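# An overview of the molecular structure
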Amino acid sequence: MASIKSLMNKYKNISAPVKASLWYTVGSVINKGIALFLTPVFTRILTSEQYGSFAVFQSWVNILIIFTSLNIFLSGYQKGLLLYKEDRDRFTSSQLALTSFITICFFLIYLCNVPFFTKFFDLSPLLMVGMFLELLFMPALEFWAAQQRFDYKYKKYVIISVSLSVLSLVLGVVSVLSTQYKLEARVFSDVTAKLVFMIPLFLIIFFKGKKLFVKEYWKYALVFNIPLIPHYLSNYVLGQSDRLMIGSMVGKSEAAFYSVAYTISTMMMLIVTAVNNSLTPFIYKAIEANDVKKLKNTTIPVIILIAILCLLTVIFAPEVIYIFAGKKYMDAIYVIPPVSISVFFIFLYSLYSTIEYYYQQTGYIALATTMSAILNLVLNFIFIKKFGYYAAGYTTLICYIMLSFVHYYFYKKIVMKELNAKNIYNDKFILVISIVLLVIMGLLTITYDKIVIRYVFALLIFVVGFVKRKEIIKIFKTLR
């Protein structure tokens, strides 16, 4: 009982940013776990064609929302919460009205030539209606979630996000089993589950803000986010082009091998995304308060944490592949190291790009991501054909290293101009840990057949973490 009480006291002393980051991570892991647990269920109750069509539907949602919402609810909105902090409700309702207006315009364009768009999207008009319903109401959930993250509130967010996932999957299984129109049932069960939460939030935002159009707020959103469209599309290319090119240049089986390894490697993105979502408002507020030292103290332990987690994925790659995919996929273990370490560099470039977002230098962000996407396509075209699907893992790593470096260059320019400072992060430490991580990755990759070496290395990490636990806790306690 004493140890539990001591643990609770330590938890209470954790700063709000760290506590929020912890719970956003827990929520993301639970949601992903639920989805992974029921994936085999849907692959059995849906035909491969139906399952593929649902994947197409989700892919189109992810692409179209870039255009119908301009992703206004991301960093631009969080910066707006600082700029217009005395008028948050009107600012939020006007931003939601803008995304709603754009979505309705896209829907009217769709109605002008339904047969053409049906063929183009390879989705029936009924499914397109479901898609536009999701596109219309989804921003409400995203704006609300961004506000919760900004204020370090996590309880409602975790409850709603997990409830949404559970409802979607339960409705999906029940509805698919209850009808012969299985694809439509899967799509609309998912959309319905989201609407249950999104529509009330949609109405609440408008009720609180009571404003649809504010010229200053619409102009701010458009100027901030339109230049970022190439960035968002390029990010999509970085995440998807590998599998598409492997499938067309090498073969579908190789694409499946790469896909399994890539999915396992990037599961760590759940934690990276949760940490970034919590760090962004913290960084914004620290810059506004001109507290640069606070940022250095905050980011060092977080960078170490992300590096260790990515390294553990590399260490246990053979075991993870065997558990999740089975023996026949064991050849894919050599893709995991470069893709896992790519996640670390994704986190790094996010740290630098947050500064670009704060100072509204979105042109830099779009340029950096577009350059990286083009490089990814070129490298894939050259090396996949020459070395097979393994090459895609290393081209991914190279592109994210380059992306981190380009964002670092832009970040340095901005910090020098806006803050008259050389840096606001510990850049030397970041460089050292990046090099060390790459060296260890290379050593572990060539020792995958020597289980003792891998396990000793993992044990060393756990022992150091245990021995230094008091220092680690002390560091996180200072993050206020």
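Quick note: structure is the one above.
Let me sum up the structure you'll find in this document. (Residues numbered from 1 in each chain as written. Predicted model: local features only at pLDDT ≥ 70, side-chain atom pairs only at ≥ 80, totals over all residues. Heavy atoms only, no water.)

### A few points about the overall build of the chain
Using the following cut-off: Elements are defined by DSSP. Helices are runs of H or I of four residues or more, strands are runs of E of two residues or more, and each kind is numbered from the N terminus. Relative accessibility under 20% of the residue-type maximum defines a buried residue, over 50% an exposed one, and the middle range a partly exposed one, all with a 1.4 Å probe and only protein chains included. By definition in these notes, contact holds between two residues if any of their heavy atoms fall within 4.5 Å.
When helices and strands are counted, the chain shows 21 helices and zero strands. Split into buried and exposed, the 480 residues of the chain put 51% on the buried side. Residue pairs at least 24 apart in sequence account for 81% of intrachain contacts in the chain once pairs closer than 6 positions are excluded.

### Regarding the environment of Glu288
Considering the arrangement of structural elements, one finds Glu288 in helix α13 (residues 269-288). Sequence spacing of Glu288 and Leu82 is 206 residues, and the spatial spacing of their C-alpha atoms is 8.7 Å. With residues up to four places along the chain from it excluded, the contact list for Glu288 reads Leu82, Lys85 and Tyr358.

### Examining helix α7 (residues 125-150)
The criterion, for reference: To estimate how far a helix should extend, the number of its residues minus one is multiplied by 1.5 Å.
Given a rise of 1.5 Å per residue, 26 residues ought to cover 38 Å, and the 38 Å separating the end C-alpha atoms of α7 matches this to within 8%. Buried residues dominate α7, accounting for 21 of its 26 residues. Where α7 ends, the next residue or the one after it, Tyr152, has phi of about 60°, a positive value.

### Digging into the packing of aromatic side chains
Rule in force here: Within 6.5 Å between ring centres, the rings of Phe, Tyr and Trp (the latter by its six-membered ring) count as paired, and their orientation is classed by plane angle as stacked under 30 degrees, edge-to-face over 60, tilted in between.
One pass over the full model with this rule turns up 36 aromatic pairs. Ring geometry for Phe101 versus Trp218: centroids 5.9 Å apart, planes at 40°, classification tilted. Of this pair, Phe101 sits in helix α5 (residues 88-112) while Trp218 sits in helix α10 (residues 215-225), placing them 117 residues apart in sequence. Residue Phe101 is classed as partly exposed on the basis of its relative accessible area, which comes to 46%. When the ring of Tyr349 is compared with that of Tyr400, the centres are 6.4 Å apart and the planes differ by 5°; the resulting orientation is stacked. Of this pair, Tyr349 sits in helix α16 (residues 336-358) while Tyr400 is found in helix α18 (residues 390-419), placing the two residues 51 residues apart along the sequence. This pair shows no difference in class: Tyr349 is buried, exactly as Tyr400 is.

### Here's the deal with unusual backbone geometry
Non-glycine residue Leu70 carries a positive phi angle of around 55°. Tracing the sequence through the fold places Leu70 in the loop between α3 (48-68) and α4 (75-83). Judged by relative accessible area, which is 6%, Leu70 ranks as buried.

### What about the environment of Lys208?
With respect to the helices and strands, the residue Lys208 is situated in helix α9 (residues 182-209). Remark: the alpha-carbon pair of Lys208 and Thr92, spanning 116 residues in sequence, is separated by 9.2 Å.

### Description of the packing of α5 against α7
Test applied: Here the axes come from fitting lines to C-alpha atoms, over the contacting stretch only for helices, and the angles between their N-to-C directions go from 0 to 180 degrees. Any angle between 65 and 115 degrees counts as roughly perpendicular, while under 35 counts as roughly parallel, over 145 as roughly antiparallel, and the rest as oblique. Here a crossing is called left-handed whenever its near helix is offset anticlockwise from the far helix by less than a right angle, and right-handed whenever the offset is clockwise. Classes in brief: Ala, Val, Leu, Ile, Met, Phe, Trp, Tyr, Cys and Pro nonpolar; Asp, Glu, Lys and Arg charged; the others, Gly included, polar.
Between α5 and α7, whose axes approach to 11 Å, the crossing angle comes to 165°. Viewed along their axes, α5 and α7 adopt a mutual orientation that is roughly antiparallel. The chirality of how α5 crosses α7 is right-handed. Contact residues: α5 offers Arg88, Thr92, Gln95, Leu96, Thr99, Ser100, Thr103, Ile104, Phe106, Phe107 and Tyr110, while α7 offers Pro125, Met128, Phe132, Leu135, Leu136, Pro139, Ala140, Phe143, Gln147 and Phe150. Per-class residue counts for the contact of α5 with α7 are 14 nonpolar, six polar and one charged.

### Observations regarding the pattern of salt bridges
We apply this condition: A side-chain nitrogen of Lys or Arg and a carboxyl oxygen of Asp or Glu constitute a salt bridge if their distance falls within 4 Å.
All chains considered together, the criterion is met by four salt bridges. For Glu134, the salt bridge goes to Lys194, with nearest N and O atoms at 2.8 Å. In this pair, Glu134 sits in helix α7 while Lys194 sits in helix α9, placing the two residues 60 residues apart along the sequence. For Glu134, a relative accessible area of 4% corresponds to the buried category. Lys412 is the salt-bridge partner of Asp427, the closest N and O atoms lying 3.9 Å from each other. Of the two residues, Asp427 is situated in helix α19 (residues 427-445) and Lys412 in helix α18; the sequence distance between them amounts to 15 residues. By relative accessible area, Asp427 is classed as buried at 11%. A relative accessible area of 25% places Lys412 in the partly exposed class.

### Side note on the nonpolar core
Counted only if it meets this: Buried Ala, Val, Leu, Ile, Met, Phe, Trp, Tyr and Cys residues that are joined via side-chain atoms within 4.5 Å together make up what is termed a nonpolar core.
Within the largest apolar cluster, 140 residues are counted, with the highest numbers of intra-cluster contacts made by Met131, Ile306, Phe344, Phe347, Ile355 and Tyr425. For Ile306, the residues in contact, after removing those within four places along its chain, are Ile271, Val272, Val275, Phe344 and Phe347.

### Focus on a nonpolar patch on the surface
Selection criterion: Candidate patch residues must exceed 30% relative accessible area and have no salt bridge, after which like charges are joined if within 9 Å and Val, Leu, Ile, Met, Phe, Trp or Tyr side chains if within 5 Å. Computed with a 1.4 Å probe, the accessible areas rest on the Shrake-Rupley method; for each residue, only the protein chains presented here act as cover.
On the surface, Ile374, Val378, Phe381, Ile382, Phe383 and Phe387 cluster together into a nonpolar patch covering about 570 Å² of accessible area. For Ile382, the location among the structural elements is in helix α17 (residues 362-387).

### Structural notes on the side chain of Gln95
Note on placement: Gln95 falls in helix α5. If near-sequence neighbours (up to four positions away) are discounted, Gln95 is found in contact with Ile72, Tyr77, Phe143, Tyr217, Trp218 and Ala221.

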